[in-house]
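One letter stands for each residue in the lines below.
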Amino acid sequence: MPELLTQRPRHIDEVAVERALKRLAIQPMAPWLHQEVARRMAERLAIIKLQPERVVDWWSFTGAGAGVLATAYPKAQRIEVEPTAALLLRTEQAHAKPWWSLKRRPADRATVVADADFEAALTEPAQLVWANMMLHAVADPPALLKRWQNAIAADGFVMFSCLGPDTLRELSGLYRRLGWPSPAMNFVDMHDLGDMLVRAGFADPVMDQETLKLSWADAPSLLAELRTLGGNASPDRMSGLRTPRWKARLEGELASLKGADGRLYLSFEIAYGHAFKAAPKAAPAAQTEVSLDTMRSLVRAGSKHT
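Conventions used here
Residues numbered from 1 in each chain as written. Predicted model: local features only at pLDDT ≥ 70, side-chain atom pairs only at ≥ 80, totals over all residues. Heavy atoms only, no water. Pairing = 2+ DSSP bridges. Helix = DSSP H or I, 4+ residues; strand = E, 2+ residues; numbered from the N terminus. Axes fitted to C-alpha atoms, helices over the stretch in contact; angles between N-to-C directions. Contact = heavy atoms within 4.5 Å. Phe/Tyr/Trp six-rings, centres within 6.5 Å; stacked < 30°, edge-to-face > 60°. Buried < 20%, exposed > 50% of the residue type's maximum accessible area, 1.4 Å probe, protein only. Lys NZ or Arg CZ within 6 Å of the ring centre and 35° of its normal. Polar contact = N/O pair within 3.5 Å; in protein donor to acceptor, adjacent residues only side chain to side chain.

Engineer: When you look at the sheet that holds strand β6 (residues 203-216) in this model, what are you seeing that I'm missing?
Structural biologist: To summarise the sheet geometry, strands pair through backbone hydrogen bonds and adopt either a parallel or an antiparallel arrangement. Overall, mixed pairing links the seven strands, which are arranged β3-β2-β1-β4-β5-β7-β6 in an open sheet. Both outer strands of the open sheet, β3 (110-114) and β6, are each paired with one neighbouring strand and no more. Across the sheet, the mean angle from the axis of one strand to that of its neighbour is 15°, orientation sign disregarded. Bridge analysis of β6 against strand β7 (residues 264-276) gives 12 bridges, and the strand direction is antiparallel. Paired with V206 across the two strands is H274, which belongs to β7. Contacting β4 (126-132), β5 (152-163), β6 and β7, helix α2 (residues 32-43) crosses the sheet at an angle of about 145° to β4. Packing against the sheet, helix α5 (residues 85-95) makes contact with β2 (77-82) and β3, and its axis sits at approximately 165° to β3.

If you want it as structure tokens, here you go:
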């Protein structure tokens, strides 16, 4: 079932999320799925006429957005936000240039900041907040959407993607059949995300989704790649370490996911969203004063048209 929209934090284990981010920080690159979704999301930028001067790339490394944003907006200043110290250091090092290359490479227009320091580092509003494949790992999405809304200039926009409730539906069904707890946390439905955008102060939210089916040759390959995508952040997941015997049983049961071609298939629902920050409306006057002569003229004018 999709997780219902509430004003309370989601049912998610933030410690487990931190562990997953720690693993991702030492990977040679962002997960393939994140790279592919970043490419698909970048295609959607073509429908936006605004050319941002300042772009915020939220969770830049794991979202694989730096390259596509630099290509889409080569003149824009990019602010790359990272959630952990390890990811912050990694991204900073990626932008460091050896002294002998400084005269041959163009100036890097990216600034790297920690999530906690973002507001202090943003001296002027941004025209775009980009967040690829990270909102599903946040305990309090409404609070984060409000931070983004505050950071965006009037007529600027937010664009994001995240996992939806149909993600890993085949694996979830297998776990239910075996009487095991869920293999993944609950993901927020895209319609609830649209409601969150409106409540955060965004206008004209557009939400849509697609389901990607990935396949693997065997169970060890499937499990290895799932680990690179993060981890199970459900507080209700199995407690303690699993045994080799349990893993062997899981690999055997995964055979039920085989398609006609003999490969193992899993579904990933990808939710996409974008919305604009509307220009502030002028506050109505507390009262309006009209003279008696003006009122008489208005009444006479009205009587002529009845």
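Further notes follow.
Engineer: Help me understand the packing of aromatic side chains in this model?
Structural biologist: Given two aromatic rings, one states the distance between the centres and the angle between the planes to describe the pair. One pass over the structure, following the stated rule, counts five aromatic pairs. A ring pair is formed by F157 and F276, whose centres lie 5.7 Å apart and whose planes are at 40°; its orientation type is tilted. With F157 in strand β5 and F276 in strand β7, this pair connects stretches of sequence that are 119 residues apart. You can call F276 partly exposed: its relative accessible area is 26%. Judged by centre distance (5.0 Å) and plane angle (40°), the ring pair of W180 and W246 falls under tilted. Taken together, the residues span a long stretch of sequence, with W180 in the loop between α8 (169-178) and α9 (190-199) and W246 in helix α11 (residues 244-253) at a distance of 66 residues. Taken together, the ring pairs in this structure connect W58, F118 and W148 into an aromatic cluster. Its guanidinium or amino end placed over the ring of Y272, R44 lies 3.8 Å from that ring's centre, counting from NZ or CZ.

Engineer: Looking at this structure, how should I read the environment of K277?
Structural biologist: With respect to the element layout, K277 can be found in the loop between β7 and α12 (292-304). Accessibility expressed as a relative area gives 18% for K277, which makes it buried. Considering only alpha carbons, one finds K277 and A153, 124 residues apart in sequence, at a separation of 7.1 Å. Ignoring any residue separated from it by four or fewer positions in sequence, one finds K277 in contact with Q149, N150, I152, A153, A154, D155, G156 and F202.

Engineer: I tried to follow the side chain of R78 on my own but got confused; where do I start?
Structural biologist: Its place among the elements puts R78 in strand β2. Within the structure, R78 has its side chain in polar contact with the side chain of E80 (distance 3.3 Å).

In short, the description is geometric, and any link to function would need to be established separately.
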